[in-house]
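Reading the structure
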Amino acid sequence: MMNYADEYKKSIESPIAFWQEQAKNIAWYKTPIQILSTDSSNPSQWFVDGELNTSYLALDHHIEQGRGEQIALIYDSPVTQTKQKFTYNQLLEQVAKFADVLQKQQVNKGDRVLIYMPMIPQAAIAMLACARIGAIHSVVFGGFSAHELAIRIDDAQPKVIVSASCGVEIEKIIEYKPLVDKAIELAKEKPQSCIIYQREMVEAKLQKNRDFCWQTLIKTANAIKAIPLPATHPLYILYTSGTTGTPKGVVRDHGGHAVAMQYSMETIYGMTAGDVFWAASDVGWVVGHSYIVYAPLIAGCTSILYEGKPIKTPDAGAFWRVCSEYKVNALFSAPTAFRAIAKEDPQGKFIQQYDLSHLQRLFLAGERLDPATYSWLKDKTQLSVIDHWWQTETGWAIAGIPLGIKNMPTKAGSAGVPTPGFKVEILDSLGKQLPANTSGNIVLKLPLPPGCLTTIWQNPQRYQLGYLSTFDGYYLTGDGGYIDEDGYLFIMGRTDDVINVAGHRLSTGEMEEIVSAHHAVAECAVFGIHDELKGQVPLALVITKNGVNIDKSLLQAELRQSVREKIGAIASLKQVLIVERLPKTRSGKILRKVMRQMIDGEPYQVPSTIDDTAIIPELDDVFKKNILT
Ligand code: COA
Ligand code: AMP
């Protein structure tokens with residue numbers, strides 16, 4: 001086993017040789033000779049002359065290697081009392097047939113397919129089927145509203161939407177079809193057809209000549225082969241929140257992605273073919289794309305798709321039950337999920353009830369792993385607890401404790417050391433490199449390793465402006481933090497208007513746009529404040545228009561409802577405060593960070609350019625009386 005320092009050095013000093021070597025670990029139709037190329041729109045293009053197919057790699061290849069009867073996917077759904085196992089042979093059959101269904105709906109290479117699904121196997125099947133024929137999928141998280149869905153339909157312009165009749169949220173049935181219908185009505189770009197998986201609990205109404213039933217179409221489908229695709233062909237678009245109301249469509253390719261997924265399974269997670277890997281996330285998020293669907297299957301592991309929650313389905317022992325039942329070797333989830341479990345089961349009694357002898361390690365990401373949750377997990381499970389840091393844009397972890405290389409110690413509060421391939425630096429606002437233990441902008445020196453975004457869909461300028469133009473030669477992560485004297489990275493939070501609510505990445509800028517649209521609102525500021533369970537929750541401060549006579553609690557309720565309707569219940573905007581004034585600098589910039597620090601009880605500095613210093617004690621008083629933290 002290589003040691004970290006050597007592996008890391010090789011990856012940074014000789015990226016071409018390093019990734020050429022890694023590319024040998026996957027099966028290509030045409031092995032790439034040109035390893036790294038650069039053009040004006042993308043400084044990090046990998047394997048441009050290679051040809052492969054991700055669906056082939058994830059399925060057919062394993063069958064050819066004799067793993068056809070191994071379990072590829074386990075569906076465990078406590079909310080519907082369903083359990084189902086798919087061998088690689090069985091999963092391939094479903095995927096290859098659904099690829100035919102898509103083709104018969106005139107979906108061709110390069111066409112987009114939008115997937116709006118609950119956590120059922122058909123979500124993964126649809127994704128792999130798109131990959132098989134070179135269609136580009138765009139999965140939209142099921143918790144997003146019709147309005148958010150419409151924005152994504154207009155941007156991705158899908159030929160087909162794949163959805164299901166409903167999702168199940170603990171005991172609540174969420175009908176998806178009315179949301180799909182509403183989104184299509186709102187969108188300017190209409191899809192040609194919709195394919196709906198009809199679940200037992202609800203039968204969706206189908207519109208003649210536009211909507212088709214999954215189960216009916218698959219009956220007459222023939223299994224079709226994967227087609228060779230250029231390595232740079234887009235595999236998917238995944239929308240993520242930026243600082244404005246328009247989400248960014250992160251584009252990922254087939255080639256770089258497959259190589260990165262394979263490398264990460266071995267190196268970061270220490271998994272080999274036949275191991276059982278469980279990412280307790282959702283296919284609508286990047287963790288679900290990379291570690292429920294693609295990476296475990298590319299690496300020949302067994303993956304678990306879990307339709308349930310960490311608690312209440314039926315209790316705080318749910319995660320441990322799944323780990324024990326399927327002999328899970330590594331579990332990956334968000335700190336918020338474990339905070340919810342620890343709250344309900346502080347003594348860890350459920351952990352004692354299950355045989356967890358196969359579980360070796362726990363991986364956490366999505367938000368900072370707070371020391372209390374880290375200690376609780378370590379203490380109660382006695383397992384390695386590994387925080388690792390990544391983003392939708394990178395597709396895999398930028399930093400962590402790479403297990404496949406050498407078992408390095410973890411440090412509480414740190415997201416680990418940079419993953420081989422990622423050259424992480426800390427710069428001040430002028431682009432000067434900062435010394436150890438000094439906080440600044442976390443940036444990645446170009447080129448980015450394989451697997452990272454190749455562009456923003458339909459908007460290469462946004463990729464340039466948002467990520468590549470702030471510091472020449474670097475990718476701007478949008479996170480702030482520092483590297484300590486031992487090379488460990490500490491992530492201190494976003495430097496932009498993005499917040500993380502229960503592991504869901506959301507834009508406060510978008511919430512401000514929604515709140516400001518209310519006829520009674522003159523001005524507003526939305527920012528994230530600390531929350532014991534969800535990490536962060538949004539808070540809206542609102543100034544009403546002069547002369548508008550509206551009941552305060554009615555306005556608060558209307559604003560909460562409109563964010564819920566426009567974004568979705570996951571936005572969790574619960575607290576809306578009506579205030580007289582907002583603190584601003586003389587140039588008009590609202591001091592959101594200062595207000596957040598005041599509420600979170602952190603030290604804060606009021607800039608000398610503030611227009612009226614009296615507002616700070618005034619707000620302090622308002623916050624003390626009103627904020628429920
Ligand atoms: N479809 C529809 N609605 C959804 C949804 C989905 N897929 N996911 C969440 N919602 C709704 C919930 O029903 C809830 O609605 P309500 O306000 O009507 O009750 C609302 O969105 C907020 O849900 P959630 O964010 O899940 O908060 P919660 O208080 O119900 O549960 C946790 C808290 C911590 C248990 C839960 O957020 C959780 O499991 N988080 C982990 C998230 C995660 O794994 N993220 C991936 C990171 S890798
Ligand atoms: P997403 O794109 O939804 O995966 O969210 C990415 C953002 O989540 C990052 O930019 C960070 O702000 C935050 N994040 C993810 N993982 C971690 C981590 N391990 N520690 C701290 N913040 C994290």
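Residues numbered from 1 in each chain as written. Chains lettered and ligands numbered in written order. Predicted model: local features only at pLDDT ≥ 70, side-chain atom pairs only at ≥ 80, totals over all residues. Heavy atoms only, no water.

**Re the pattern of salt bridges**
Inspection of every chain in the model, using the stated rule, returns 32 salt bridges. Here Glu-325 makes a salt bridge to Lys-83, at a shortest N to O gap of 2.8 Å. Here Lys-83 lies in strand S5 (residues 82-87) and Glu-325 lies in helix H11 (residues 318-325), a separation of 242 residues in the sequence. Here Lys-83 falls in the exposed class, since its relative accessible area comes to 53%. One salt bridge connects Arg-505 with Glu-393, and the closest N-O pair in it is separated by 2.9 Å. Linking Arg-505 in strand S29 (residues 504-507) with Glu-393 in the loop between strand S20 (384-387) and strand S21 (399-400), this pair joins segments that are 112 residues apart in sequence. Given a relative accessible area of 11%, Arg-505 falls into the buried group. Judged by its relative accessible area of 2%, Glu-393 falls in the buried class. Among the charged side chains, a network of salt bridges with common partners joins Asp-76, Lys-83, Arg-321 and Glu-325. (Salt bridge = Lys/Arg side-chain N within 4 Å of Asp/Glu carboxyl O. Helix = DSSP H or I, 4+ residues; strand = E, 2+ residues; numbered from the N terminus. Buried < 20%, exposed > 50% of the residue type's maximum accessible area, 1.4 Å probe, protein only.)

**Quick word on the nonpolar core**
Counting residues in hydrophobic clusters, the biggest one holds 121 residues, and the most contacted among them are Phe-98, Leu-102 and Tyr-291. Top contributing element to this core by residue count: helix H5 (residues 121-133), with ten residues. With 62 residues, the next largest nonpolar core counts Ile-153, Val-521, Phe-527 and Ile-578 among its residues. (Core = buried A, V, L, I, M, F, W, Y, C linked by side-chain atoms within 4.5 Å.)

**A closer look at the side chain of Asp-100**
For Asp-100, the location among the structural elements is in helix H4 (residues 88-104). Since its relative accessible area comes to 6%, Asp-100 is described here as buried. For Asp-100, the contacting residues outside a window of four places in its chain are Ala-221, Asn-222 and Ile-224. (Contact = heavy atoms within 4.5 Å.)

**What to know about the confidence of the model for the chain**
Looking at the chain, the pLDDT average stands at 95 and 99% of residues meet or exceed 70. Within the chain, H5 carries the highest mean pLDDT (99), whereas helix H19 (residues 615-626) carries the lowest (90). (pLDDT = per-residue confidence, 0-100.)

**Description of unusual backbone geometry**
Here Thr-313 and Pro-314 are connected by a cis peptide whose omega angle stands at 0°. By the secondary structure assignment, Pro-314 is in the loop between strand S17 (302-306) and H11. Following Leu-446, the chain continues to Pro-447 via a peptide bond in cis, the omega torsion being 0°. Phi angles above zero are rare outside glycine, and Ile-170 is one such case at about 55°.

**Let's talk about the environment of Val-328**
Position of Val-328 among the secondary structure elements: in the loop between H11 and strand S18 (330-333). According to the relative accessible area criterion, Val-328 is buried, its value standing at 0%. Along the primary structure Val-328 and Val-548 are separated by 220 residues, whereas in three dimensions their C-alpha atoms are 58 Å apart.

**A short note on the site of ligand 1**
The full set close to ligand 1 counts 20 residues, and Glu-169, Lys-172, Pro-310, Lys-534 and Arg-564 are the nearest of them. Lys-534 places a side-chain nitrogen or oxygen 3.1 Å from an oxygen atom of ligand 1. Within the contact set of ligand 1, an oxygen atom lies 2.6 Å away from a side-chain nitrogen or oxygen of Arg-564. For ligand 1, the protein covers 81% of the area, taking 950 Å² as the surface of the free molecule. Shared between two domains, the shell around ligand 1 takes at least three residues from each, and those domains are domain 1 (4-28 + 44-424) and domain 2 (502-626). (Near = heavy atom within 4 Å. Polar contact = N/O pair within 3.5 Å; in protein donor to acceptor, adjacent residues only side chain to side chain. Areas by Shrake-Rupley, 256 points an atom, 1.4 Å probe, with all protein chains shown as cover. Domains from an automatic or database assignment.)

**Thoughts on the environment of Ile-351**
Locating Ile-351 in the fold gives a position in helix H13 (residues 349-353). Taking the relative accessible area as the measure of exposure, Ile-351 reaches 6% and is therefore buried. Here Ile-351 is in contact with Trp-320, Asp-345, Leu-356, Trp-376, Lys-380 and Thr-381, once residues within four sequence places are set aside.

**What to know about the sheet that holds S18**
Hydrogen bonds along the backbone pair up the strands of a sheet, which may run parallel or antiparallel. The mixed open sheet is built from seven strands, whose spatial order is S5-S4-S17-S16-S18-S19-S20. Only two strands of the sheet have a single neighbouring strand rather than two, namely S5 and S20. Put simply, the sheet's adjacent strands are angled 20° from each other on average, direction ignored. Two strands pair when backbone bridges link them, and strand S19 (residues 361-364) and S20 are joined in this way by four bridges, in the parallel orientation. By the bridge assignment, Leu-364 is partnered in S20 with Asp-387. The sheet contacts of H5 involve strand S4 (71-77), S5 and S17, and relative to S4 the element is tilted by about 140°. Where H11 meets the sheet, its contacts fall on S4, S5, strand S16 (276-279), S17 and S18, and the angle it forms with S17 comes to roughly 150°. (Pairing = 2+ DSSP bridges. Axes fitted to C-alpha atoms, helices over the stretch in contact; angles between N-to-C directions.)

**Re the packing of aromatic side chains**
One pass over the structure, following the stated rule, counts 34 aromatic pairs. Note on Phe-98 and Trp-214: the rings are 3.8 Å apart at their centroids and 15° apart in plane angle, and the pair reads as stacked. Placement of Phe-98 in helix H4 and of Trp-214 in helix H8 (residues 214-219) is noted, with a sequence separation of 116 residues between them. Geometrically, the ring pair formed by Tyr-291 and Trp-390 is edge-to-face, given 5.5 Å between the ring centres and 80° between the ring planes. Residue Tyr-291 is found in helix H10 (residues 286-298), and its partner Trp-390 is found in the loop between S20 and S21; the two are separated by 99 residues along the sequence. Taken as a pair, Tyr-291 and Trp-390 share a single burial class, namely buried. A network of ring pairs unites the aromatic residues Phe-18, Trp-19, Trp-28, Trp-46, Phe-47, Tyr-263, Trp-396 and Phe-422 as a single cluster. Sitting above the plane of the Tyr-488 ring, Lys-411 keeps its charged end 4.9 Å from the centroid. Over the ring of Tyr-474 we find Lys-445; its NZ or CZ atom is 5.1 Å from the centre of that ring. (Phe/Tyr/Trp six-rings, centres within 6.5 Å; stacked < 30°, edge-to-face > 60°. Lys NZ or Arg CZ within 6 Å of the ring centre and 35° of its normal.)

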